[in-house]
4 protein chains.
Amino acid sequence: MPSNAILLLHCPDQPGIISELTKFITDNHGNIVYLDQYVDHEEGIFFMRIEWELEQFLIPRDKVRDYLQTLYAQRYSMTFNLYFSDERPRMAIFVSRMSHCLYDLLARYKAGEWAVDIPCIISNHEDLRFVAEQFDIPFYVWSIDKDHSNKAEVEAAEMELLRRERITFIVLARYMQIISDDMIAQYPHHIINIHHSFLPAFVGAKPYHQAWRRGVKIIGATSHYVTAELDAGPIIEQDVARISHKDTPDSLVRKGRDLEKIVLSRAVTKHIERKILTYKNKTIIFS
Amino acid sequence: MPSNAILLLHCPDQPGIISELTKFITDNHGNIVYLDQYVDHEEGIFFMRIEWELEQFLIPRDKVRDYLQTLYAQRYSMTFNLYFSDERPRMAIFVSRMSHCLYDLLARYKAGEWAVDIPCIISNHEDLRFVAEQFDIPFYVWSIDKDHSNKAEVEAAEMELLRRERITFIVLARYMQIISDDMIAQYPHHIINIHHSFLPAFVGAKPYHQAWRRGVKIIGATSHYVTAELDAGPIIEQDVARISHKDTPDSLVRKGRDLEKIVLSRAVTKHIERKILTYKNKTIIFS
Amino acid sequence: MPSNAILLLHCPDQPGIISELTKFITDNHGNIVYLDQYVDHEEGIFFMRIEWELEQFLIPRDKVRDYLQTLYAQRYSMTFNLYFSDERPRMAIFVSRMSHCLYDLLARYKAGEWAVDIPCIISNHEDLRFVAEQFDIPFYVWSIDKDHSNKAEVEAAEMELLRRERITFIVLARYMQIISDDMIAQYPHHIINIHHSFLPAFVGAKPYHQAWRRGVKIIGATSHYVTAELDAGPIIEQDVARISHKDTPDSLVRKGRDLEKIVLSRAVTKHIERKILTYKNKTIIFS
Amino acid sequence: MPSNAILLLHCPDQPGIISELTKFITDNHGNIVYLDQYVDHEEGIFFMRIEWELEQFLIPRDKVRDYLQTLYAQRYSMTFNLYFSDERPRMAIFVSRMSHCLYDLLARYKAGEWAVDIPCIISNHEDLRFVAEQFDIPFYVWSIDKDHSNKAEVEAAEMELLRRERITFIVLARYMQIISDDMIAQYPHHIINIHHSFLPAFVGAKPYHQAWRRGVKIIGATSHYVTAELDAGPIIEQDVARISHKDTPDSLVRKGRDLEKIVLSRAVTKHIERKILTYKNKTIIFS
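All values derive from a computational prediction rather than experimental measurement.

Asks: Would you explain the overall build of chain A in this entry?
Replies: Counting its secondary structure elements, chain A contains eight helices and 13 strands. By principal-axis analysis of the C-alpha atoms, chain A measures approximately 60 × 40 × 35 Å. Within chain A, buried positions represent 61% of all 287 residues. Intrachain contacts of chain A at a sequence separation of at least 6 include 67% that bridge at least 24 residues. Placing the 34 positive and 39 negative side-chain charges of chain A at their respective mean positions leaves the two points 6 Å apart.

Laid out in structure tokens, this is it:
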């Protein structure tokens, strides 16, 4: 299958952008297979995702970025990312002790649902090594001391591994550690976390217990990009489940697992498909 | 249609309660038409709703309460409420300027969906008088000064009206004023509010704007009993709607209206049907 | 508020359409405030909705249609509809005996949620005259004989009224009569019906009873454009509600009412906003 | 953990059943930890699930069934099933070529979510042997000839295996073969299928393609017990997902997978927990 080019961009809204860009692509024999755009009228910002086939495209693949930069980026004060569909993202998974999200991710990976590579799984515990082994994926454990005294050292080792494996984004699949600002800075809006509540309700620890104490009738899960502020990064996807007075904290944990799996996997799907733009602290999710 | 007795109770959990009560009712020729119970094993509390036909019941209607008190309440440390299905609750509606919840309540009332009387609508503005007039319901306006200097006086007048009209519960249908602790004390767990967010997210003013700023992917509405702490009373019902980056604060307000209507009306339905028990700061909602 | 032009179109997909049209509008000083497009790759059809401000637009309002026809329609084999935002659609409501959908429509109308006029309500029964009177809308009753012997005559009178009132679309708000092919032909894809099931499950009469007999765990409602084949026209909107074994046919009817109201009103909203395109037997719903 | 007794029963509704049964259990020192009951007033049938701790129970475990039979079953024309919580159901999984449901079931099994044993996986294709091997579960393949000439022989071999492994219920995890009436008769209401539509819409083959052709706005999945009539057995659980005109048959298949997984797993959970009663062609699902 020949490759497509995928362009994600935003810039101040102004007349003519769509017209110019689509003309540029079609004039150069690119067949547009996807176009979606959105104008944030409050902010005055134009967002677009456009995808075209490279097969007949007159501009060589390695020059496309230059052309876009030269012809449009400066003129329109445009920020853009260019991807090629045959360049598979490389994903690292961080886990602690719970297997449900990990199994869901790996089952999709193994079934070929995603155009992604998963070269490594990283953990602070040995518990889930057996899952990694079931799927033949290298599993690395660095345990973090209670007092966090070795945290910097552990993260340095992890980052070395991520570099070596050319990891392009990280998925925290119920990883029960806080990521340092340093690591976040290496992967800005490229670390996806699943939080087991309907954020911003129940930030922090034990959200199901918080939800149970408050007596809510619906629980939720939230996938978001990790930023320096805890549980406050751009939200990618949320979903909810109805509960009742009959639920206990334990049954919420049980029901929540199914939410967490699906909400995390939907976010990972969108990220892999390059359908997410972030702007300020929000996401634009193309369909 | 002959009347039913409806008994709502809770007490420390212990063997034999269901057996005793059902035996008491059936031995006295009451035909049980509804029974639902629930044990909160964390708290060790037993909750029950039981409804039986009075037609053949051997104990006179005005003695039922005494019998329950004498035979069971003390023995089981039971708190109970006894209702008769032909005693219609009397509901007062408080509104400010938005008509959507009010119309939804009145349309159900007029269509006979509810066994309830609505003898009055109270407001701090004239705006919705025309709706009350469409439905021929007395409309009372007491406007509250900006500095709240006349608030005590207004509430005194309102409470006088509520007493005169023998109001049994109050519905705040987007009433944009805080109810004083005094009035709440008169109607403990009998004032239903609709809050336009998925509580406890976005407590307080302008929750849709808060939601938009946070970039959530789902908005919600919450109906709850009013307690002294703002937006923190026992939750009766919640529901949510999916939104996207395309939504503006205005479109959230618009979509939220449909949530508010339905979430408030579901709570009112459950209250009228005497299917809600409150315990500590939570509700048990019988189906 | 100055008017916008709204263009809905479809044509065989080919390079350059978006570019040409947006260039045409911006070159003539039209400020595009909405653009959404979609390509059905199975059918090879391009669909677009585009909206622009007329205030600075160089082409006079009454010439826009001609220009589009001359410049693009033939060249691209384009089918299009052009609307102006200040030309309010005129809606007729048909009802029988149930008030819930009617109240919901009229409450929105009265609250100014919709840019629509409702000059008349038509029924085959007197039952809901009081609702029309509450909202000061003329109410016309033509009762149809059991043997349908006067049906042609009644529909002729109705169509005469629709013409006189310049009705642009019809909403069947639980109207329990089948519309003749003649009337459908007068309003092709402009008659919106609400069917009280999740179509295509439970076509025809008494769908809640059918659902109850089948023991489904979820019920639904479907709004669709009326076509000659019963309950088989293009679906506009559907929604569902969870039920359980405890539900009776009566409680399904009760729960269904809330679904019907919201599903019908969402369809009407989309229609009024000119956000629906139909193609073959399906709808494209712009967001 | 000491065992509980779980009693599921139904009988003609009559006064005193709950009282008698709860008295019987508590008089014999059984601590009731779960009681839920439901009366179908249309059919006049009483349904109950009751669970109590055996630890202090005076009646020996192997006599409980006899006591219930002798004391109550005949008197109340009661049909009942008695289970013990330490007797784990034994589940066989049938698959064809798609892995998503299988992975979801096995991940839950491996994580200890269910009190169940899975001694074998049966298929008509070799494709998923690798999944069985990942989880160390014996995998049996009997391929069925195109003309079904060996179907009786294959089913005989399968039934021999099921007997040998003392299988108590079967899960068809996207098994693309029709089960013969003979096998169904061996496992009446003990074979759970997942159908990839919102039944009764789109019975039979390729339901996502049917849904796409009809232009529905919501797709669904249905888990049900298998009966002789195709896709017509008692429904256990359904769920739905919103789709749009942008979806293709392929994207429906993709989105449907997530529905199928969750809807099948919820049904399996309820079955394992002995929370399902069937009556006529419907299920009563206790919470």
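Asks: Sorry if this is basic, but what is going on with a nonpolar patch on the surface here?
Replies: All names here are of chain A. Among the surface-exposed residues, Ile 178, Val 203 and Leu 230 lie close enough to one another that they form a single nonpolar patch of about 270 Å² accessible area. Topologically, Leu 230 is positioned in the loop between strand E10 (218-225) and strand E11 (235-242). Leu 230 gets classed as partly exposed once you look at its relative accessible area, which sits at 46%.

Asks: What am I meant to see in the interface of chain C and chain B here?
Replies: Where interface size is quoted, it is often the accessible area lost as the parts come together. The partner chain B presents 18 residues to the 18 residues of chain C that form the contact. Taken together, both faces of the contact between chain C and chain B bury some 1,500 Å²; the carbon and sulfur share is 46%. Together, Tyr 103, Glu 113 and Gln 134 of chain C form the three largest contributors to the area buried by chain C at its contact with chain B, with a combined 29%. The tally of links between chain C and chain B comes to eight salt bridges. For Lys 246 of chain B, the salt bridge identified is with Asp 36 of chain C, shortest N-O distance 3.8 Å. If you look at where chain C meets chain B, you find nine residue pairs in polar contact (both at pLDDT 80 or more).

Asks: I keep staring at the domain arrangement of chain A and nothing clicks. Help me out?
Replies: Residues and elements named next belong to chain A. With domains assigned, chain A is organised as domain 1 (4-84) and domain 2 (90-285). Facing 13 residues of domain 1, the contacting portion of domain 2 comprises nine residues. For the salt bridge of Glu 43 with Lys 280, the shortest nitrogen-to-oxygen distance reads 3.0 Å. Elements that contribute at least two residues to the side of domain 1 that touches domain 2 include exactly strand E1 (4-12), strand E2 (31-40), strand E3 (45-53) and strand E4 (79-84). Partitioned by chemical class, the residues of the side of domain 1 that touches domain 2 number ten nonpolar, one polar and two charged.

Asks: I keep staring at the relation of the copies chain C and chain B and nothing clicks. Help me out?
Replies: What connects the two chain copies is a rotation about an axis and a shift along it. Once chain C has been moved 0.0 Å along the axis and rotated by 180 degrees, it coincides with chain B to within an RMSD of 0.0 Å. In short, the pair behaves as if placed about a two-fold rotation axis. The C-alpha atom lying nearest the rotation axis in chain C is that of Gln 134 of chain C; the distance is 2.6 Å. Mapped onto chain B, 100% of the interface residues of chain C are again interface residues, and the two copies thus contact each other with one and the same surface.

Asks: Please clarify how the sheet that holds strand E1 (residues 4-12) of chain B should be interpreted in this entry.
Replies: One key point about sheets: their strands pair by backbone hydrogen bonds, in either a parallel or an antiparallel sense. Residues and elements named next belong to chain B. Read from one edge of the open sheet, four strands run E2-E3-E1-E4, paired in antiparallel fashion. Each of the sheet's edge strands pairs with one partner strand only, and the pair in question is strand E2 (31-40) and strand E4 (79-84). Mean inter-strand twist for the sheet, computed between neighbouring axes without regard to direction, equals 10 degrees. Pairing between E2 and strand E3 (residues 45-53): nine bridges, direction antiparallel. Paired with Asn 31 across the bridge in E3 is Glu 53. The strands touched by helix H2 (residues 64-73) are E1, E3 and E4; relative to E4, the strand with the most contacts, the crossing angle is about 160 degrees.

Asks: Which parts of the structure should I look at to understand the pairing of strand E3 (residues 45-53) of chain C?
Replies: A regular strand places its side chains on the two faces of the sheet in alternate fashion. All names here are of chain C. Most of E3 is tucked away, with eight of its nine residues classed as buried. One ladder, built from nine bridges, connects strand E1 (residues 4-12) with E3; its direction is antiparallel. Directly across from Leu 7, in E3, lies its bridge partner Ile 50. Linking strand E2 (residues 31-40) to E3, which pair antiparallel, is a turn of four residues; within it Gly 44 sits at a positive phi near 70 degrees.

Asks: Looking at this model, I keep getting lost on the sheet that holds strand E11 (residues 235-242) of chain B. Mind explaining?
Replies: Residue and element names in this part refer to chain B. Taken in spatial order, the seven strands of this open sheet run E7-E6-E5-E8-E9-E10-E11, and their pairing is mixed. A strand with exactly one partner marks an edge of an open sheet, and here the two such strands are strand E7 (139-141) and E11. Pairs of neighbouring strands in the sheet enclose a mean axial angle of 20 degrees, with direction left out of account. Both strand E5 (residues 90-95) and strand E8 (residues 169-172) contribute to a ladder of four bridges, which runs parallel. Bridge pairing in E8 places Ala 92 opposite Ile 170. Relative to strand E6 (residues 117-123), helix H5 (residues 151-164) is tilted by about 175 degrees, and along the sheet it contacts E5, E6, E7 and E8.

Asks: Looking at this structure, how should I read the packing of helix H3 (residues 100-110) of chain C against helix H8 (residues 249-272) of chain C?
Replies: Packed helix pairs are characterised by how far apart their axes lie and by the angle those axes make with each other. All names here are of chain C. Orientation of H3 relative to H8, taken along the N-to-C sense of each, is 40 degrees, at an axis distance of 9 Å. With respect to each other, H3 and H8 are oriented oblique. For the crossing formed where H3 meets H8, the hand is right-handed. When H3 is examined against H8, the residues His 100, Cys 101, Asp 104, Leu 105 and Arg 108 are found in contact with a partner set consisting of Arg 257, Glu 260, Lys 261, Ile 262, Leu 264, Ser 265 and Val 268.

About the cut-offs
Residues numbered from 1 in each chain as written. Chains lettered and ligands numbered in written order. Predicted model: local features only at pLDDT ≥ 70, side-chain atom pairs only at ≥ 80, totals over all residues. Heavy atoms only, no water. Helix = DSSP H or I, 4+ residues; strand = E, 2+ residues; numbered from the N terminus. Buried < 20%, exposed > 50% of the residue type's maximum accessible area, 1.4 Å probe, protein only. Contact = heavy atoms within 4.5 Å. Lys, Arg positive; Asp, Glu negative; His and termini not counted. Charge placed at Lys NZ, Arg CZ, Asp CG, Glu CD. Patch = residues over 30% accessible without salt bridge, like charges linked within 9 Å, V, L, I, M, F, W, Y side chains within 5 Å. Areas by Shrake-Rupley, 256 points an atom, 1.4 Å probe, with all protein chains shown as cover. Salt bridge = Lys/Arg side-chain N within 4 Å of Asp/Glu carboxyl O. Buried area = accessible area lost by both parts, 1.4 Å probe. Polar contact = N/O pair within 3.5 Å; in protein donor to acceptor, adjacent residues only side chain to side chain. Domains from an automatic or database assignment. Nonpolar A, V, L, I, M, F, W, Y, C, P; charged D, E, K, R; others polar. Least-squares fit on C-alpha atoms with pLDDT ≥ 70 in both. Pairing = 2+ DSSP bridges. Axes fitted to C-alpha atoms, helices over the stretch in contact; angles between N-to-C directions. Parallel < 35°, antiparallel > 145°, perpendicular 65-115°, else oblique. Left-handed = near helix turned anticlockwise from the far one by under 90°.

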